[in-house]
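# Close look at the chain arrangement
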Amino acid sequence: MFRLDELVARLGGEVSGDASVTVRRVATLDQAGDGDLAFLANRKYLSRLQDSAASAVIVAPEVLALVKGRACIVTGDPYLYFARVAQLFNPAPVAQPGIHALASVASPVPASVEIGPGVSIEEDVEIGDEVIIGAGSHVGRGARIGRGTRLAPRVTVLDGCVVGEDCIVHSGAVIGSDGFGFAREKGGRWVKIPQVGRVVIGNQVEIGANTTIDRGALDDTVIGDGCKLDNQIQIAHNVRIGECTAIAGCVGIAGSTTIGARCMIGGQAGIIGHLSICDDVVISAGTLVSKSITRSGVYTASLPVQPHSDWVRNFAHLRHLDALVGRVRSLENQQGGPDDRNPG
Amino acid sequence: MFRLDELVARLGGEVSGDASVTVRRVATLDQAGDGDLAFLANRKYLSRLQDSAASAVIVAPEVLALVKGRACIVTGDPYLYFARVAQLFNPAPVAQPGIHALASVASPVPASVEIGPGVSIEEDVEIGDEVIIGAGSHVGRGARIGRGTRLAPRVTVLDGCVVGEDCIVHSGAVIGSDGFGFAREKGGRWVKIPQVGRVVIGNQVEIGANTTIDRGALDDTVIGDGCKLDNQIQIAHNVRIGECTAIAGCVGIAGSTTIGARCMIGGQAGIIGHLSICDDVVISAGTLVSKSITRSGVYTASLPVQPHSDWVRNFAHLRHLDALVGRVRSLENQQGGPDDRNPG
Amino acid sequence: MFRLDELVARLGGEVSGDASVTVRRVATLDQAGDGDLAFLANRKYLSRLQDSAASAVIVAPEVLALVKGRACIVTGDPYLYFARVAQLFNPAPVAQPGIHALASVASPVPASVEIGPGVSIEEDVEIGDEVIIGAGSHVGRGARIGRGTRLAPRVTVLDGCVVGEDCIVHSGAVIGSDGFGFAREKGGRWVKIPQVGRVVIGNQVEIGANTTIDRGALDDTVIGDGCKLDNQIQIAHNVRIGECTAIAGCVGIAGSTTIGARCMIGGQAGIIGHLSICDDVVISAGTLVSKSITRSGVYTASLPVQPHSDWVRNFAHLRHLDALVGRVRSLENQQGGPDDRNPG
C-alpha cells in the first residue's frame, strides 16, 4: 500500500488533490474501486473517468482541469507511469533457490538459481545468478542463460544458444530448433543442410508462448536487446532483429531477413526471406512484406472485410483487373488520350 | 457391438430394413466393410452409398427412397447421429486413478484423479474428480481444473487460471501466459505492464494443440461454455468469447476484442484488437477483421488464387487503383457525368 | 579435416587448383576464413567470391573461368554439394544408448536407443534401433517410431501414431492430437466426433518445431516419404501429402485436403479443406488456396505492400469494384459497346 506522495517520491510526477490517499492496486477506470489507482491514457475514455470509483487517477496535465476534486497523479505519459506503478505493486517473481529432486542437472549452477521439477540441463551450460528455470524446461548442451532471466514452465533452449540477462521466455517457446535448409536433388529429394549456427538473444528480451526461433545455418540468428516478441511467432534461420523492436502474435519472418531497431510489426504479418527492413518501420496487422523497406513509416497490405455477398460481387473482378484497365485505356483512346489530370 | 434396434432405443431415429443387423464401428462410406455403420450427410455423396460395403447406413428421410434394400437408421440429422454413435463406440478415456511416482504434486488431489509421469502441480491448486493430467503437464499455483476435464500430455495451465468441467485441452496448449502489454519510453525502450488477470475457461470447452491463451492484463480473459478451439490459435489478453463459438486452426485474436456466442471463425482468420463481434457471425478462412461487426452473417476478405503470371498482370494494378478510378471519373465528366445506373 | 582430393573421392566433382588444400568447416563466402570451404550457388554473389578468405570454394563449371588461382571443387550443383560436405563435417547426432533414470518407460526398447530425462513412453510402443527420444518427450500407447529417427526434446507423439525411419521431429511438435470434428445440435451446441484415425508419417521426414499434425477422424492423416515441414505448421485431420513435398513455416492445411508429391508451399499459405492439389505445385507465401489445383505450376494470391496512406487511397476502392466495372460498362455502352480488343 502506498500514499500518492510516496509514489511521486519514487516515480516522479506531481500529486493534485489529497496526497495522503493510499492505493494498493492498479485497475481500469471501469473496474476500479476503493484503494485502486486507475489511469486515463486516452482522452476518449474521459467519460469513464467521471463514473470511476477509483481512489486516485493518473492523468496528463491537459486533462487535470477536467478532473474535479479527485486525487490525481499528474504526469506527461500516464500509461508509462501506470506501467511503473503496476510493476511496483506486482513485482516480478524472485528465484526461490534450489534444484528440484525431479530435475536432471548436468552442469554446475549458482546457488541463487531456481530449477523446477522435470527440468533437464545438459553439460557445459552456463547459468547466471538468480535465474529461474520453470518446470519441464530443457536447456541443451553449451547453452547460456544470463543473470536474472526467467524461463517459464516447458521452455526449450537448445544446444549452444545464448539468452541474455533479465529476459522472460514464456511456456512452449523453442529457441534453437534447426533452420529449414535443404538442397534439392534431381527427382525432388531434399538433402538436409546441417544447421550449425546459434540463436543469440540480447538482454531484456521477452519471448512469447509457443514462439519458435531457429538457429542459424552457418552464422547466428540474432535478437537485439529490448525486443519484445508475442506468442506463436516464427523467426527463421539467420534473421537479425535490431534493438527494441516489438512483434505481435502469429508473425512469420523468413530466413536471412534483417529488421531494424524500434520497429513494430502487427499480428499475423509476414516478411519473406532475404529482405532488409530499416529502423522505425511499422507493419500493419496481416500485411505480407515482399520487398525491402528503406524508409521509416507505416506499411500496409490487407483487404477490407465485407459481407460475403458483397465480397463475391466485388472480388470476382480482381481476376480481370488487367482487362478492366485495358477497357479504360480503350475508352480513353477513343476520346483522344487520357485526361492529363489522371496519369497512371 | 450393437444391433440397429438397440442403437435406435438409445439414440432415437428409426430403423428401415433389417433391425437385427449388428455394427461395431463407424466408418466412411468408402472405407466401410462388414460390421461398419456409415452415414450419408450430404446428398452429393449419394453415388458412394451405392458402392459402399457398409452393413448399415445412417440417412435422412428424404434419401431413404434411394436406398434399396439396405439396413438404415433414418434420422433428421445423420451427421449429428453419427457423432453420437461414434461416441458410443469410442468412449472418452476414463481416469485411471493414481499419481505417477515421477510426478511432483504440491496440492491435495481427489483419489479419482489420474496424474501422469513428469507432471508438476504447484501449491493451492484445486482439481475436480476424475480429472486426467497427462504426462509432462504443468498446473501453476492457485489454478483450478474442473471435474471430468482432461489435459493431454504436455499442457501448461499457469498460475491462478481456471479450466471448467468436462473440458479437453490438447498437447502443447498454454493457458495463462502473460499478455503482450508494454508502455513505451522515449527512445523506444519498452516497459512491461505486469499481467495480473487470469484466464477463465467455461465447461465443455475443447482447446487445440499448441493453442495459446494469454491471461488478462488487469481483468480476465474469458472463454465461454461449449467453445471449441482448434490448434495453434492465439487468444490475446482480455479477449472474451461467448458460448459455443467454434474457431478453426491458426486464428489470431488481438487484445480486448469481444466475440459473441455461436460464431464460427475460419482457419487463419485474424481479428484485430478492441473490436466487438456480435453473436452468430461467420468469418471466412483467411479473413482479417479490422472493424466491429454488429449484424450476424457471413463476412469475407480474401484474394482469388491465380497462376502466378496472371497474378503479376492483374495485381500490379492494385497499386494504382485510385488513379484508375480517377481515369474513369474523367471519362464520365467528358461525357456529361456518371450514368445514373452506376453510382459509386 | 579433409583434403580437397579426399572430398572429391567421397562425393564426386573435380578439383581445380591445389588438391592438397585442407578444409575443416563450411562457411559463407563472407564469413569464411582459413580452413573454410565456401560455395558459390548463385552468380549474383560473384563479387563476394573475389573478397572471400575461404581456403577453397565449390563452384559450377561455368564460373570456373572467373575464379583466378583459387582451389576449387567444380560440380554441377554447388549448393547440393555444399549440403553433402556440410553433412560430412557435421554428422547428425548418434544415439548414446541408455534410459535416463528420470524417464518412465512402459514398453521394451532396443539396447541401442537413447531415452532422455523426463521422457514418458506408454505401453505397446515399438521403437526401432538407434532412435533418440529427447528430454521430456512423450510417446503414447501403441505408437511406433522407426529406426534411426530422432525426437528432439519435448516432442509429443500420441497413441497409435506411426513415425517412419530416419525422421527428425523438432521440439514442441505434436503428432496425433484430435482432429477438429464436431456435429452441431439445434441451439448451437457442438457434439464431439471421436477422432479414431492415426497419423502415419513416412521415412526421411522432418517436422518443425511446434508443428501440429492431427490424427484422422476415421481414416488416417498421411505424410509421405521425404516430406520436409517447417515450424508452426498445422495439418488437419485426414490430410494426405505426397512424397518430397516441402512446406514452409506457419502454413495451415484444413481437413481432408490431398496434396501431391514434390510440391513447395510458401510460408503462411493456407489451403482450405476437401481440396486436391496435384503434384509439382508451388504455392507462394501468404496465398490462400480456396479451390483445387489440377495443373502443376506456380500459384499466388497476395497484396502488394504499400505505404499506409497509399493503401488507404487505393484500397478503399476495393469495396466498390463492382460499381466501378459498371461505370466502365456504361461508358462503353455510350460509345457503342466495348472495344473488341478488351474483352472481360
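Residues numbered from 1 in each chain as written. Chains lettered and ligands numbered in written order. Predicted model: local features only at pLDDT ≥ 70, side-chain atom pairs only at ≥ 80, totals over all residues. Heavy atoms only, no water.

Per an unreviewed UniProt entry, the recorded name for chain A is UDP-3-O-acylglucosamine N-acyltransferase, and the organism is Thauera propionica.

## Focus: the overall build of chain A
Here is the rule we go by: In DSSP terms, a helix is any run of H or I states spanning at least four residues, a strand is any run of E spanning at least two, and both are numbered starting from the N terminus. In this treatment the radius of gyration is a C-alpha quantity, and the globule benchmark scales as 2.2 Å times the residue count to the 0.38 power. Accessible surface area values rest on a Shrake-Rupley calculation with a 1.4 Å probe, where residue burial reflects the displayed protein chains alone. Here the positive residues are Lys and Arg and the negative ones are Asp and Glu; neither His nor the chain ends is included. Every charge is mapped to an atom, namely NZ of Lys, CZ of Arg, CG of Asp or CD of Glu.
Helix and strand counts for chain A come out as six helices and 39 strands. For chain A, whose C-alpha radius of gyration is 26 Å, the value lies well above the compact-globule estimate of 20 Å for 344 residues. Considering only C-alpha atoms, chain A reaches an extent of 80 × 65 × 35 Å along its principal axes. Accessible surface for chain A amounts to roughly 13,100 Å². Of this, 49% is attributable to carbon and sulfur atoms. Here chain A carries 31 positive and 36 negative side-chain charges, and the mean point of each set is 7 Å from the other.

## Some words on the packing of helix 1 (residues 4-11) of chain A against helix 4 (residues 78-89) of chain A
All names here are of chain A. Worth spelling out the cut-off: Each axis is a line fitted through C-alpha atoms, and for a helix only the stretch in contact is used; angles between axes span 0 to 180 degrees, taken between their N-to-C directions. If an angle is under 35 degrees, it is roughly parallel; if it is over 145, roughly antiparallel; if it lies from 65 to 115, roughly perpendicular; otherwise it is oblique. Contacts: residue pairs with any heavy atoms within 4.5 Å of one another. The nonpolar class holds Ala, Val, Leu, Ile, Met, Phe, Trp, Tyr, Cys and Pro. Asp, Glu, Lys and Arg form the charged class, and all remaining residues, Gly among them, are polar.
For the pair helix 1 and helix 4, interaxial distance at closest approach is 11 Å and the crossing angle is 105°. In terms of axis orientation, helix 1 runs roughly perpendicular to helix 4. Only Tyr 81, Arg 84, Val 85, Leu 88 and Phe 89 of helix 4 make contact with helix 1, whose side of the interface consists of Leu 7, Val 8, Arg 10 and Leu 11. Looking at the contact of helix 1 with helix 4 residue by residue, the classes come out as seven nonpolar, no polar and two charged.

## Section: the side chain of A:Gln268
The cut-off we apply is this: Polar contact is the term for a pair of N or O atoms within 3.5 Å; when the atoms are in protein, one must be able to donate a hydrogen and the other to accept it, and sequence-neighboring residues count only if both atoms are side-chain atoms.
Within the element layout of this structure, A:Gln268 appears in the loop between strand 33 (264-265) and strand 34 (270-271). Here B:Ala269 takes part through its backbone oxygen, which lies 3.1 Å from a polar atom of the side chain of A:Gln268. Discounting chain neighbours no more than four positions away, the residues touching A:Gln268 are A:Gly249, A:Cys250, A:Val251, A:Gly286, B:Cys250, B:Val251, B:Gly252, B:Gln268, B:Ala269, B:Gly270, B:Leu288 and C:Gln268.

## Some thoughts on the interface of chain A and chain C
We apply this condition: Once two parts are brought into contact, the accessible area they lose, counted with a 1.4 Å probe and summed over both, makes up the buried area. Counted as salt bridges are all cases of a side-chain nitrogen of Lys or Arg within 4 Å of a carboxyl oxygen of Asp or Glu. Being paired, for any two strands, means DSSP has found at least two bridges between them.
Taken residue by residue, the interface counts 76 residues in chain A and 69 residues in chain C. Buried surface at the junction of chain A and chain C, both sides included, amounts to about 6,000 Å², of which 60% is carbon and sulfur. Seen at the junction of chain A and chain C, the total is four salt bridges. Between chain A and chain C we count 28 residue pairs in polar contact (both at pLDDT 80 or more) in total. For the side of chain A that touches chain C, the elements supplying multiple residues, two or more each, are strand 20 (174-177), strand 21 (182-184), strand 22 (190-192), strand 25 (212-214), strand 37 (288-289), strand 38 (297-300), helix 5 (308-315) and helix 6 (321-334) of chain A. For the side of chain A that touches chain C, the element with the most residues is helix 6 of chain A, which contributes nine residues. Considered class by class, the residues forming the side of chain A that touches chain C number 35 nonpolar, 29 polar and 12 charged. Here strand 38 of chain A pairs with strand 39 (residues 306-307) of chain C via two bridges, running antiparallel.

## Quick word on the sheet that holds strand 29 (residues 240-241) of chain A
Residues and elements named next belong to chain A. The strand order across the open sheet built from eight strands is 12-15-18-23-26-29-32-35, with neighbouring strands paired in parallel fashion. At either margin of the open sheet sits one strand with a lone partner, and together these are strand 12 (126-127) and strand 35 (276-277). Of the pairings in the sheet, the one linking strand 32 (residues 258-259) to strand 35 comprises two bridges and is parallel in character. Across the sheet, residue Thr 258 finds its bridge partner in strand 35, namely Ser 276.

## Regarding the interface of chain A and chain B
If you look at the interface, chain A gives 70 residues, while chain B gives 76 residues. Surface buried jointly by chain A and chain B totals about 6,000 Å² across both partners, of which 60% is contributed by carbon and sulfur atoms. A salt bridge links A:Asp322 to B:Arg313; the shortest N-O distance between them is 3.1 Å. Our count for the chain A to chain B interface comes out at 28 residue pairs in polar contact (both at pLDDT 80 or more). Looking at the side of chain A that touches chain B, the elements with two or more residues in it are helix 4, strand 27 (228-229), strand 30 (246-247), strand 39 (306-307), helix 5 and helix 6 of chain A. Sort the elements by how many residues they give to the side of chain A that touches chain B and helix 6 of chain A lands first, with eight residues. Here the residues of the side of chain A that touches chain B are counted per class, giving 34 nonpolar, 21 polar and 15 charged.

## Quick word on the UniProt feature "active site" (unreviewed entry) in chain A
Residue and element names in this part refer to chain A. Applicable threshold: UniProt positions are given in the numbering used here, feature names are shortened, and annotations may be inferred rather than shown by experiment.
In the UniProt entry, the feature "active site" (unreviewed entry) is given for His 237. With respect to the element layout, His 237 can be found in the loop between strand 28 (234-235) and strand 29. Residues contacting His 237, with those up to four places away along its chain left out, are Gly 179, Phe 180, Gly 181, Gln 195, Asp 214, Arg 215, Gly 216, Ala 217, Thr 221, Gly 255 and Ser 256. Within the structure, the side chain of His 237 is placed 2.7 Å from the side chain of Gln 195, a separation counted as a polar contact.

## Remarks on the pairing of strand 5 (residues 36-39) of chain C
Residues and elements named next belong to chain C. Under the convention used in this document: Buried, partly exposed and exposed residues are distinguished by accessible area as a fraction of the type maximum, computed with a 1.4 Å probe on protein chains only: under 20%, between the cut-offs, and over 50%, respectively. Crossovers are described as right-handed under a simple rule: with the strands pointing away from the observer, the path leading from the first strand over the helix to the second runs clockwise.
Covered by surrounding structure in strand 5 are Asp 36 and Ala 38 together with Leu 37 and Phe 39, the residues of both alternating faces. Sheet topology places strand 4 (residues 25-26) next to strand 5; two bridges connect them, and they run parallel. Bridge pairing in strand 5 places Val 26 opposite Leu 37. Relative to strand 6 (residues 56-59), strand 5 runs parallel, the two being bridged by three bridges. Bridged to Ala 38 within strand 6 is Val 57. Note on the crossover from strand 5 through helix 2 (residues 46-51) to strand 6: the handedness is right-handed.

## Some details on the relation of the copies chain A and chain B
Defined as follows: A least-squares superposition brings the copies together, and it is based on the C-alpha atoms of residues with pLDDT no lower than 70 in both.
With an RMSD of 0.1 Å, the operation that places chain A on chain B is a rotation of 120° combined with a shift of 0.0 Å along the axis. What the superposition gives is, in effect, a three-fold axis relating one chain to the other. Ranked by how close their C-alpha atoms come to the rotation axis, the residues of chain A are headed by A:Gly118, at 3.4 Å.

## Side note on the packing of helix 6 (residues 321-334) of chain B against helix 6 (residues 321-334) of chain C
Basically, it comes down to this: Handedness of a crossing is defined here by the sense of rotation of the near helix relative to the far one, left-handed for an anticlockwise turn of less than a right angle and right-handed for a clockwise turn.
The geometry of helix 6 of chain B relative to helix 6 of chain C is characterised by a closest axis approach of 10 Å and an angle of 35° between their N-to-C directions. Viewed along their axes, helix 6 of chain B and helix 6 of chain C form a crossing whose handedness is left-handed. Listed contacts from helix 6 of chain C to B:Leu321, B:Leu324, B:Val325, B:Val328, B:Arg329, B:Leu331 and B:Glu332 of helix 6 of chain B are C:Leu321, C:Leu324, C:Arg327, C:Val328 and C:Leu331. Looking at the contact of helix 6 of chain B with helix 6 of chain C residue by residue, the class counts come to nine nonpolar, no polar and three charged.

## Digging into the sheet that holds strand 7 (residues 72-74) of chain A
In space, the five strands of this open sheet follow the order 2-7-6-5-4 (chain A), with mixed pairing throughout. Edge strands, defined here as strands with exactly one partner in the open sheet, are strand 2 (14-16) and strand 4 (25-26) of chain A.

## Considering the pattern of salt bridges
Pairing of side chains with opposite charge becomes possible as their charged atoms draw close. Evaluated as defined, the whole model comprises 48 salt bridges over all chains. When the shortest N-O distance is used, the salt bridge between A:Arg3 and A:Asp5 registers 2.6 Å. Judged by relative accessible area, which is 28%, A:Asp5 ranks as partly exposed. Via salt bridges that share partners, A:Arg84, B:Glu185 and B:Arg189 belong to a single interconnected network.

## A word on the packing of aromatic side chains
The cut-off we apply is this: Working definition: a ring pair exists when centres of Phe, Tyr or Trp rings (six-membered ring for Trp) sit within 6.5 Å. Plane angles under 30 degrees give stacked, over 60 give edge-to-face, the rest tilted.
Within the structure shown, the criterion is met by 18 aromatic pairs over all chains. Ring geometry for A:Phe180 and A:Phe182: centres 5.2 Å apart, planes at 75°, overall edge-to-face. Taking the relative accessible area as the measure of exposure, A:Phe180 reaches 24% and is therefore partly exposed. Judged by centre distance (5.6 Å) and plane angle (45°), the ring pair of B:Phe39 and B:Tyr79 falls under tilted. Of this pair, B:Phe39 sits in strand 5 (residues 36-39) while B:Tyr79 sits in helix 4 (residues 78-89), and the two are 40 residues apart along the sequence.

## What to know about the environment of B:Thr156
Along the chain, B:Thr156 falls in strand 17 (residues 156-157). You can call B:Thr156 buried: its relative accessible area is 0%. With near-sequence residues (within four places) excluded, B:Thr156 lies in contact with A:Arg154, A:Ser171, B:His138, B:Ala173, B:Val174 and B:Ile175. Engagement of the side chain of B:Thr156 in a polar contact is seen with the side chain of A:Arg154, the distance being 2.2 Å.

## Here we look at the nonpolar core
Which entries qualify depends on this criterion: Buried Ala, Val, Leu, Ile, Met, Phe, Trp, Tyr and Cys residues that are joined via side-chain atoms within 4.5 Å together make up what is termed a nonpolar core.
Membership of the largest hydrophobic core comes to 182 residues, with the highest contact counts inside it found for A:Ile201, B:Ile201 and C:Ile201. If near-sequence neighbours (up to four positions away) are discounted, B:Ile201 is found in contact with B:Val162, B:Val163, B:Gly164, B:Cys167, B:Ile175, B:Ile207, B:Ile213 and B:Ile223.

## Side note on the side chain of A:Asn314
For A:Asn314, the position within the fold is in helix 5. Given a relative accessible area of 2%, A:Asn314 falls into the buried group. Separated by 2.8 Å, the side chain of A:Asn314 and the backbone nitrogen of C:Asp322 make a polar contact. Ignoring sequence-local partners within four residues, the contact set of A:Asn314 consists of A:Gln306, C:Leu318, C:Arg319, C:His320, C:Leu321 and C:Asp322.

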